[in-house]
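Listed here are the chains, written in short residue letters.
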Amino acid sequence: MPIQPPAIRLEHRQHQTLTPRLQQAVRLLQLSSLDFAQEVRDVLGKNPFLEHEETADEPSDAMANPLPTAGDALASQVAPITTDTAESPGAAEALASNSTLSDGEGDWDPNPWAGGVGSSTPRGGSEGEASAIDLMAADEGLRPQLHRQINTRPLSDRDRALVGCVIESLDDDGYLRTSLGELMALCEMEPPVDMVEMNMALKLVQSLEPAGVGARSVAECLTLQLPEIEDEPLRELARTIIGQHMDKLAQHDVAGLARRLDRPPAEIEAVCDRIRHLNPRPGWQLGAVDVRYITPDVIVRKVKGQWVAVLNPAIVPRVKLNQRYAELFRRHRDNRHAELAAHLQEARWTLRNVEQRFSTILSVAQAILQRQKQFLEHGPLAMKPMALREIAEEVGLHESTVSRVTNNKYMATPAGVFELKYFFSRPMPTANGGACSATAIRGVIKDMIDAEDTVNPLSDAEIARRLVRQGLTVARRTVTKYRQLMKIAAVEQRRRLA
């Protein structure tokens, strides 16, 4: 059979593709407010056609700005994002709505975080005066404070060096995760260091405050803190439990411990409660506190009886097109300025994407607010089931776009700060044919556990049966999953003896 020669055929097909401009808009939309602010700062630093917009009451000195950058900074007060051209209509009105809440029930501070964390302007009266915040003691961390304690001890230079080696090997929890043999190999001294000296150095570190520092295991850490228990019989019983029955202690198996130690369950319960008051991470007492703040993208207030969502002024960058540079470029544009033309196009795209981002976030947040008004009025039990499709149809966006908008975006409400994704949950069927949100069911489960008898706590199966009696069909494994999501211990760990 003869082989057919290859043929070339042309076909016309239609397919969707993302242009570079649309790809950039999608990427900016899914960024968090912190990442987006950094993105805008990077563009401001390298694009000559973008500039930071200042107002008359804003200081021009770069040192007074809490976020200085090479191309100016992001302001903390709200202002419409403008391009001074006819190319950016529509979204500015959405941003300008932030300044309309000024009367009645919704008194609005245009910059509620002015002078807060991150501001470099002194909070005292006049310039140069130190405020109470400036005089607060700074967190030194665990190791510097341990070095300060050991410097008060009358030690030789050799012992002080060995103790310092142990201190510098501690982790942030205050534990020594490196073996003494490895530390001994690192100490190059004459005569060579032996294990006896390393053990003495470790004992010196373990004698410092806070109690438990320098431990090599959780059991050793708790044992070092046992002198805090004043009652000697109670202390010795706690030493036995920590040293020989840590597994039972972790499982809160009071009955098993009572059988093994031949003690009354009430006594075992009292010892376990006292052990739980010890600190398994002593290093955290002296370590710097890692506080991570969430800056909400949207703020919800009740204005004249209506819940209204507005953009947080602190996250809105005030950027505009540098009209002087743009006009000079238009007058002298030729083929030699291709790079400047690319910068001008990037500036226009950035401004449009910034406007589109905030107008989209605001419209999605307002749509969520309209559907979840009862949550703000009555709490989690009033949360309605809601899908991405419902919001997408209401605001005229694709579901994937709504998913990107709600990712890493936060809404500040009188009930707390919530991620936008928190308001979405699948419907759970009820006995009367209706639907209930998973958030509401978690609220019911939490209320049941809060009101339970600590001597006879509710098991997951019993909670599921009670939910069925209330008309909520929830499986036992679903109750377990929701309980774990709320970080509530199992029934055996919640049981307390009378």
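As the structure is a computational prediction, the values presented were derived from the model and not from experiment.

1. Re the packing of aromatic side chains
Under the definition given, this model contains 8 aromatic pairs. An angle of 80° between the planes, with centres 5.6 Å apart, marks the rings of Phe 36 and Phe 358 as edge-to-face. Taken together, the positions of Phe 36 in helix H2 (residues 33-46) and Phe 358 in helix H14 (residues 338-371) put the pair 322 residues apart, joining distant regions of the chain. With respect to class, Phe 36 is no different from Phe 358; both count as buried. Every member of this aromatic cluster is reached through a ring pair, and the members are Phe 375, Phe 418, Tyr 422 and Phe 423. Sitting above the plane of the Phe 36 ring, Arg 357 keeps its charged end 4.2 Å from the centroid.

2. Some points on the nonpolar core
With 45 residues, the main nonpolar core has Ile 368, Ile 391 and Phe 423 as its most contacted residues. Broken down by element, the residue count for this core peaks at 12 residues, all from H14. By size, the runner-up hydrophobic cluster in this structure holds 21 residues, among which are Cys 165, Leu 170, Leu 183 and Val 193.

3. Regarding the sheet that holds strand E3 (residues 306-311)
The strands that make up a sheet are held in pairs by hydrogen bonds between backbone atoms, and each pair lies either parallel or antiparallel. Across the sheet, which stays open at both edges, the 4 strands sit in the order E3-E2-E5-E6 with mixed pairing between neighbours. Across the chains shown, the open sheet's two edge strands, defined by having one partner strand only, are E3 and strand E6 (416-419). Across the sheet, the mean angle from the axis of one strand to that of its neighbour is 30°, orientation sign disregarded. Sheet strands touched by H14: strand E2 (298-303), E3 and strand E5 (410-413). Its angle to E3, the strand with the most contacts, is close to 160°.

4. Some remarks on the environment of Ala 412
With respect to the helices and strands, Ala 412 occurs in strand E5. For Ala 412, a relative accessible area of 14% translates into the label buried. Those residues in contact with Ala 412, other than ones at most four positions away along the chain, are Pro 296, Val 298, Ile 299, Val 300 and Val 417.

5. Concerning the confidence of the model for the protein chain
Mean pLDDT over the protein chain works out to 78, with 80% of the residues at or above the 70 mark. In the predicted structure, residues 59-126 sits below a pLDDT of 50 and forms 121 contacts with residues beyond four places in sequence or in another chain.

Rules and cut-offs
Residues numbered from 1 in each chain as written. Predicted model: local features only at pLDDT ≥ 70, side-chain atom pairs only at ≥ 80, totals over all residues. Heavy atoms only, no water. Phe/Tyr/Trp six-rings, centres within 6.5 Å; stacked < 30°, edge-to-face > 60°. Helix = DSSP H or I, 4+ residues; strand = E, 2+ residues; numbered from the N terminus. Buried < 20%, exposed > 50% of the residue type's maximum accessible area, 1.4 Å probe, protein only. Lys NZ or Arg CZ within 6 Å of the ring centre and 35° of its normal. Core = buried A, V, L, I, M, F, W, Y, C linked by side-chain atoms within 4.5 Å. Pairing = 2+ DSSP bridges. Axes fitted to C-alpha atoms, helices over the stretch in contact; angles between N-to-C directions. Contact = heavy atoms within 4.5 Å. pLDDT = per-residue confidence, 0-100.

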